[in-house]
Amino acid sequence: MIHDQKYPPLNPQFHELFWRDVPSGEISAYVKPYTVEDVVARRADLDAHLISDEELTQGGAVSFEERTVPGYEGGPEVPVVILRPRDAVGPRPGLLLTNCAGKMTSHPRMIKGLGFVEWVAKHQIVLVVNGMRTAPEDPHPAQVHDSYAALCWVAAHHESLGLDPDRLGLLGVSGGGGVAAATALYARDHGGPSLSNLIMLSPMLDDRDITVSNWFERVPHPHDANHMAWTAMLGDAKGGPLVDAYAAPSRATTLRGLPPMYIETGSADIFRDESLEFAMRAGQAGVPVEVHSWAGLMHNGETIAPGLDLSRMVLAARDGYLQRFGSPAGGLVPNVHPDELKQS
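A short tour of the structure in this document, coming up. (Residues numbered from 1 in each chain as written. Predicted model: local features only at pLDDT ≥ 70, side-chain atom pairs only at ≥ 80, totals over all residues. Heavy atoms only, no water.)

**Quick word on the sheet that holds strand S2 (residues 78-85)**
Here is step 1: A sheet is described by the order of its strands in space; here eight strands give the open sequence S1-S2-S4-S3-S5-S6-S7-S8, paired in mixed fashion. Lying at the two open borders of the sheet, with one neighbouring strand each, are strand S1 (62-69) and strand S8 (289-298). With direction set aside, neighbouring strand axes in the sheet form an average angle of 20 degrees.
Here is step 2: Of the strand pairs in this sheet, strand S3 (residues 92-98) and strand S4 (residues 126-130) are connected by five bridges, and their pairing is parallel. The partner of Thr98 across the bridge, within S4, is Asn130. (Pairing = 2+ DSSP bridges. Helix = DSSP H or I, 4+ residues; strand = E, 2+ residues; numbered from the N terminus. Axes fitted to C-alpha atoms, helices over the stretch in contact; angles between N-to-C directions.)

Below, the structure is given as structure tokens:
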């Protein structure tokens, strides 16, 4: 039975953080249950959690612009924040961050404490963050349409953005990680912009509750919360045969043709199994994949406690990948004799 493993073990430092000062018989505040109504009510307080102008500029190292871009096929305009290294020389690698939490909250400034703004200056990349419509008010396919519209705009305006179109990737975390995967699939299937990378950090990929980790409890975003989020987006279709891969990317019949991937999860993360399965299927389809599954890491743990030893390892691995992604020599080459490369 998959329910036999519903309380996954934690890294000792995370366990101490998680259970410190929790009275016997109670649960940690990190895993308190919540409802759709709670999420909708929390949006009213979102301003307090958005990144400030000062944090966006990183002491003058980063310039930023807020604007809207045309929506999908005449749909609502999509809000974006554009972040550029102030002293960049030449076209830079670019990432579109599909920014969404649990399918129900999104804002292009909702990146406080995630470390992505620091990437802009440190790795000299262009980062475009798009907001998107959210469930339950705007169900599928609103999110993939908004993110695909933003991707097409970024690709079309690469020169004015100072962005190298051959090094344009997608980035997403949690619910936004699922949207990043869906956007990559949509671009592949609809003749969209070519992508050099797909970076998914603990992505939300499958609506069907069919893995062991989907039933985890006593972790951030436990089973009931995940079930609620998918239901908010898909309604009665959740888990059924009518859900497509642009809603739940794990349902894609093939992952062939997707860009090289970086996938990250934790052994105590509800999205562990679907992330690892997606990575395996992508590799089998010929997609180069870098995958990390951190023992004892729970969902969003590195953001909750970035100073813990394990969190620092997680963040260092991301940094190493971004360093390679940002380098002109950081891509992949065919495994053939150099003379054949010269002839191609």
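**A few points about helix H11 (residues 309-326)**
Here is step 1: Taking 1.5 Å of rise per residue, the 18 residues of H11 would be expected to cover 26 Å, and the 26 Å separating its terminal C-alpha atoms lies within 8% of that figure.
Here is step 2: If you check which residues of H11 are buried, you get Leu310, Ser311, Val314, Ala317, Arg318, Asp319, Tyr321, Leu322, Phe325 and Gly326. (Expected span 1.5 Å × (residues − 1). Buried < 20%, exposed > 50% of the residue type's maximum accessible area, 1.4 Å probe, protein only.)

**Examining the side chain of Asp319**
Here is step 1: Position of Asp319 relative to the elements: it lies in helix H11.
Here is step 2: With residues up to four places along the chain from it excluded, the contact list for Asp319 reads Trp119, Lys122 and His123. (Contact = heavy atoms within 4.5 Å.)

**Some points on the nonpolar core**
Here is step 1: Formed by 41 residues in total, the largest nonpolar core has its most connected members in Met261 and Phe278.
Here is step 2: Secondary structure elements with two or more residues in this core: S2, S4, helix H5 (142-156), strand S5 (163-173), helix H7 (175-189), strand S6 (197-201), strand S7 (261-268) and helix H9 (272-284).
Here is step 3: Counting 37 residues, the second largest nonpolar core, distinct from the first, contains Leu97, Leu127, Val129 and Ile199. (Core = buried A, V, L, I, M, F, W, Y, C linked by side-chain atoms within 4.5 Å.)

**Some points on the pattern of salt bridges**
Here is step 1: The tally for this structure, following the rule as stated, stands at 18 salt bridges.
Here is step 2: Salt-bridge contacts for Lys112 lead to Glu55; the nearest nitrogen and oxygen are separated by 2.8 Å. In this pair, Lys112 is assigned in the loop between S3 and helix H4 (116-123) and Glu55 in helix H3 (residues 53-57), connecting sequence segments 57 residues apart.
Here is step 3: With a relative accessible area of 29%, Glu55 lands in the partly exposed category.
Here is step 4: Taking the shortest distance from any N to any O, the salt bridge between Arg167 and Asp164 comes out at 3.0 Å. Each member of the pair, Arg167 as well as Asp164, is classed as buried.
Here is step 5: Ionic contacts of the salt-bridge type, sharing partners, join the residues Asp53, Glu66 and Arg109 into one network. (Salt bridge = Lys/Arg side-chain N within 4 Å of Asp/Glu carboxyl O.)

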